[in-house]
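Here is what each chain is made of, one letter per residue.
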Amino acid sequence: MLKTNFLGVELASPLMNASGVHCMSIEELEELANSQAGAFITKTATQLEREGNSKPRYYDTKLGSINSMGLPNKGLDYYLNYVIERQQQGTQLQFLSVTEMSYEENINLLSKIQRSGYQGVTEFNLSCPNVPGKPQIAYDFELTKKLLSEVFTFFTKPLGVKLPPYFDIAHFDEMATILNKFPLTYVNSVNSIGNGLCINIDKEQVVIKPKGGFGGLGGEYIKPTALANVRAFRERLNPNIKIIGTGGVINGKDVFEHILCGADLVQVGTTLHKEGVDVFTRLNEELKVIMKEKGYTSLEQFRGRLKIIE
Ligand SMILES: O=C(O)c1[nH]c(=O)[nH]c(=O)c1Cl
């Protein structure tokens, strides 16, 4: 009922974790692998291990979350060795998230993956909002075009990009024109809405320490923006480029809406952080109930079929 084909691999569910949530350690990744999620993705890795920003750097609110983790991770080799080992054990589809702090380091990082035995999918994170002094790559259209042009002169393995939310139709147009130039496997929209601010009114204080309390927003706050980005890119991108929808998934209805907008897979971040890996079981069940009520027996029957008002 929920089966989804991605890169020729049949998944039992369209759901997976959003990079950054419940995917820092092998223990967490194993929990995801043994859950009702259809696939999993690793925490965005840099070449070397990183401490990340000072704590508190993550905070759950009633309507979602705010984070300024600062890219803490155990380093590329930790995750690369893990996914290669699982690949050798027969795992067919895996996602490895990566990024670096400079143009050259990004090229070096992807070259290393290209030379490795990893055959799975690489998600190139172009949208981390929380490294002080580092503007998000994907908000710089020329840089993004230059970087992807060079990457695709040597990278031949499946590559997706993780994008920040855009808020202007001209930006959807410009970014889609750039992305359509490349043999991308998918586009993942959206990353957190960067540089929001949450306040504890009792203390009259911000809730996270880095960057004076500024951090990326997730959860209910961002669903309308996430759905708009999924829809906008689905409408503009070459059909060979798949879409992963991320942002604002609280229940099965939200999963349905992402797929209605065109998402091939749907990622869960904040709600996974709040609920743990059982969230995938709940969301799968809730989605099935909605599909039954509507008479759908497969995701293809409604994927991308959002209607406008004529
Ligand atoms: O601060 C982070 O580690 C972080 N936080 C986010 O909300 N998105 C990202 O892509 C990353 Cl890399």
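Residues numbered from 1 in each chain as written. Predicted model: local features only at pLDDT ≥ 70, side-chain atom pairs only at ≥ 80, totals over all residues. Heavy atoms only, no water.

## What about the overall build of the protein chain?
Scanning the protein chain from N- to C-terminus turns up nine helices and 15 strands. Across the 310 residues of the protein chain, 57% fall into the buried class. When contacts within the protein chain are restricted to residue pairs at least 6 apart in sequence, those whose partners lie at least 24 apart make up 72%. Total accessible area computed for the protein chain in this model is approximately 13500 Å², and 51% of it derives from carbon and sulfur atoms. Taking the 33 positively charged and 34 negatively charged side chains of the protein chain as two groups, their mean positions are separated by 2 Å. (Helix = DSSP H or I, 4+ residues; strand = E, 2+ residues; numbered from the N terminus. Buried < 20%, exposed > 50% of the residue type's maximum accessible area, 1.4 Å probe, protein only. Contact = heavy atoms within 4.5 Å. Areas by Shrake-Rupley, 256 points an atom, 1.4 Å probe, with all protein chains shown as cover. Lys, Arg positive; Asp, Glu negative; His and termini not counted. Charge placed at Lys NZ, Arg CZ, Asp CG, Glu CD.)

## Some thoughts on the UniProt feature "binding site: substrate" (unreviewed entry) in the protein chain
Within this numbering scheme, the UniProt entry marks K43, N67, S68, M69, G70, L71, N125, N191 and S192 as carrying the feature "binding site: substrate" (unreviewed entry). In this fold, N67 is placed in strand β5 (residues 64–67). Those residues in contact with N67, other than ones at most four positions away along the chain, are R57, Y58, N130, S192, I208, G215 and G216. In this structure the side chain of N67 is engaged in a polar contact, spanning 3.3 Å, whose partner is the backbone nitrogen of M69. A relative accessible area of 0% means that S68 is categorised as buried. The residues touching S68, leaving out its near neighbours within four places in the chain, are N53, R57, N130, I208, P210, K211, F214 and G215. (UniProt positions renumbered as here; feature names shortened; annotations may be inferred. Polar contact = N/O pair within 3.5 Å; in protein donor to acceptor, adjacent residues only side chain to side chain.)

## With respect to the sheet that holds strand β10 (residues 193–197)
Here four strands make up an open sheet; going across it, the order is β4-β5-β13-β10 and the pairing antiparallel. Edge strands, defined here as strands with exactly one partner in the open sheet, are β4 (58–61) and β10. Strand-to-strand twist of the sheet, defined as the mean angle between neighbouring strand axes without regard to direction, takes the value 40°. Examined bridge by bridge, β10 and strand β13 (residues 214–219) share three bridges and lie antiparallel to one another. Across the sheet, G196 pairs through a bridge with G215, a residue of β13. (Pairing = 2+ DSSP bridges. Axes fitted to C-alpha atoms, helices over the stretch in contact; angles between N-to-C directions.)

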